[in-house]
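Structural overview
If you want the building blocks of each chain, they are given just below.
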Amino acid sequence: MNKLWEQLKFDGKRLVFRNPSFLIMSLGMPAFFYWLFTKLFTNPATNNREFAGSYLGSMMVYSLLITLLMGMSTALIRDRNEGLTVFLKLNHHRLDNYYASFLLWNTLKNFMAMGILGLVAAYLNAITLDLVQWLSLLGLILVGQIPIMLLAGVLANVKRQETLGMLMNLVTFPLAIVSGLWWPLETMPEWVQNIGRHLPTYFLNHTIGQVINHAKINWSSVVGISEWILIMALVTAGVAQLFTKRSSAINA
Amino acid sequence: MRDLLQLTAAQYRNPRPVADVMEELALISFAKRPLSRLSGGQLRKVAFGLTLVSNAQLLFLDEPTVGMDVNARQIFWRKIEQMRVRGKTVLITSHYLAEIQEVVDRILILKAGKIKFNGTLAELQRGYLTSQISFVTNLPKARFQGLPNVKQVLVKGQQVTLETTDSDQTLRALAPWLNQLNNVKITAASLENIFTAMTKEDDRHE
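Residues numbered from 1 in each chain as written. Chains lettered and ligands numbered in written order. Predicted model: local features only at pLDDT ≥ 70, side-chain atom pairs only at ≥ 80, totals over all residues.

Scanning chain B for helices and strands turns up eight helices and eight strands. For 206 residues, the compact-globule estimate of 2.2 N^0.38 gives 17 Å, and the C-alpha radius of gyration of chain B, at 23 Å, exceeds that figure by more than 25%. In terms of principal-axis extent, the alpha carbons of chain B reach across some 70 × 30 × 30 Å. With 206 residues in all, chain B has 20% of them scored as buried. Considering only contacts in chain B between residues 6 or more positions apart, those separated by 24 or more positions represent 59%. (Helix = DSSP H or I, 4+ residues; strand = E, 2+ residues; numbered from the N terminus. Rg over C-alpha atoms; globule rule 2.2 N^0.38 Å. Buried ≥ 20, exposed ≤ 12 C-beta atoms within 10 Å, placed from the backbone. Contact = placed C-beta atoms within 7 Å.)

Another point: the interface of chain A and chain B. Taken together, the contact between chain A and chain B spans eight residues of the former and six residues of the latter. Of all the secondary structure elements, the ones that give two or more residues to the side of chain A that touches chain B are α1 (2–17) and α4 (84–92) of chain A. With six residues, the single largest contributor to the side of chain A that touches chain B is α1(A). Of the residues contributing to the side of chain A that touches chain B, the split by class is one nonpolar, four polar and three charged. (Nonpolar A, V, L, I, M, F, W, Y, C, P; charged D, E, K, R; others polar.)

Residues and elements named next belong to chain B. With zero of seven residues buried, strand β8 (residues 182–188) is to be regarded as a mostly surface element. Across five bridges, the pairing between strand β5 (residues 131–136) and β8 is antiparallel. The residue bridging S134 from the neighbouring strand is K185, located in β8. (Pairing = 2+ DSSP bridges.)

Let's shift gears to helix α7 (residues 161–178) of chain A. All names here are of chain A. Here α7 contains 18 residues, and its C-alpha end-to-end distance of 25 Å stays within 8% of the 26 Å for a straight helix at 1.5 Å per residue. The complete set of buried residues in α7 reads L164, M168, T172, L175, A176 and V178. If you follow the buried residues of α7, they end up packed against α3 (48–81), α6 (131–155), α8 (190–196) and α9 (200–212). Positive backbone phi, at 80 degrees, marks G180, one or two positions downstream of α7. (Expected span 1.5 Å × (residues − 1).)

What follows deals with the pairing of strand β7 (residues 159–164) of chain B. Residue and element names in this part refer to chain B. Relative to β7, β5 runs antiparallel, the two being bridged by six bridges. Residue pairing for β7: S134 is matched across the bridge by T161. The pairing of strand β6 (residues 150–156) with β7 spans six bridges and is classified as antiparallel. Residue pairing for β7: V153 is matched across the bridge by L162. Between the end of β6 and the start of β7, which pair antiparallel, lie two residues, with G157 showing a positive phi angle near 65 degrees.

Glancing now at the confidence of the model for chain B. Reading fine detail from the predicted coordinates is not recommended where pLDDT is low. Taken residue by residue, chain B gives an average pLDDT of 85. The fraction at 70 or more is 96%. Here the predicted complex scores 0.76 on pTM and 0.77 on ipTM. (pLDDT = per-residue confidence, 0-100.)

Here we take up the sheet that holds β5(B). All names here are of chain B. Strand order in this open sheet of four strands is β6-β7-β5-β8, and the pairing throughout is antiparallel. Where the open sheet ends on each side, the last strands, each with one partner, are β6 and β8. Pairs of neighbouring strands in the sheet enclose a mean axial angle of 15 degrees, with direction left out of account. Helix α7 (residues 167–174) contacts β5, β6, β7 and β8 of the sheet and is inclined by roughly 25 degrees relative to β5. (Axes fitted to C-alpha atoms, helices over the stretch in contact; angles between N-to-C directions.)

Between its first and last C-alpha atoms α1(A) spans 21 Å; for 16 residues at 1.5 Å apiece the expected length is 22 Å, and the two agree. Considering bend angle alone, the principal kink of α1(A) is centred on A:D11 and spans about 30 degrees. Within the sequence span of α1(A), burial applies to A:Q7, A:F10, A:D11 and A:L15. Check the buried side of α1(A) and you find it contacts α3 and α5 (96–125) of chain A together with α1 (2–10) of chain B. (Bend = angle between axes of the 7 residues up to and from the residue.)

This paragraph deals with unusual backbone geometry. Residues and elements named next belong to chain B. For E63, which is not glycine, the phi torsion reads 45 degrees and is therefore positive. Here E63 is to be found in the loop between β1 (58–62) and α4 (70–85). Take E63: there are 12 C-beta atoms within 10 Å of it, and that puts it in the exposed class. For A112, which is not a glycine, the phi torsion comes out positive at approximately 50 degrees. Tracing the chain through its elements places A112 in the loop between β3 (107–111) and β4 (114–119). Exposure remark for A112: the 7 C-beta atoms within 10 Å place this residue in the exposed category.

Shown next, in the form of structure tokens:
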């Protein structure tokens, strides 16, 4: 228990509290976008209250994408390249505490972003959520982050940080745009909408928006998230097997 | 930096207190500094601190003093000596032979992936070279070649160094010319001298 506690203390400082990129990219930027698109560039033709609610959901999902695909995968690859994982393996023989701490802190980062963006929305647009809504959002973030977390883990298998940087940009921003996190999906060409409506971030964003706006939950989105969890679990298992085979071939 | 020491200490059943290790190695002044902002020598000290907090019975240290300043090196070797006295086994790989010979019980010399020597410094000195006699003289080099037990005569200007396997006998043989020799010095062969002699010998054979 002491090992896990020390690992949590160690990771909490370096991944969250002393990590300016989390504060800027995962908290600051989505909050800024939220202010920009709900206060500065407003469309009189749209229902501002409803838009401010659904855009809050979009920014929560966007923050989650940045935290996991950019922050978590970068930290994983950095720890591997700088020898921290080998060091922990040599000292403790296993990396269970390391991964447990990583998952916990990244989940907490997503919860923190959710809370802070919720406060920003309350301050800017008087959007208030009741306890049931907050708890529903917690549950949705907890489950909805799983496929993205698995994707971040798969991306972190590349050798070089530069390659990861390129992949992160190729995946994160198209995923955010095509899922309708930046602009409403309806403003995009139909073929883009068709792709977007099958992405895990779309399902999550859509369901969060429904919770915030007190709309009826479309359970097909929840099924969509579950399908993506299954798909990404299979992809992760496949990649892990591939790397295990490759390393045993090298060691043979 | 302190966080890494604490994390490492938590991995062991019987670690040493982190605060004690930090004080012993003078790490306190940069305890809160990120590792990325430490110098090479400071990082070496931290790496040694990580081994100390583990309180392990067997330690492997690879080139542990590279980049350390003089004070840090002195602290390091003092700690190694203390650990040796306490019965801990420390395996050090190093190219700084002068430092090594002061503390080690046993020396292993590796050449081309094979152990070339395994024993104490005294055994090594007996096997390869015991001492060097150096002096300043105008006498020609030829005068010293063929003296008893002299393996090699090195001349640099008027400075002559005789590498001998028995300094007493060689010195007796030098007696007739002693009044023509100045600044006579007799030094036991250092690990570095022996290592150089060994590698030169091997290179000649190859």
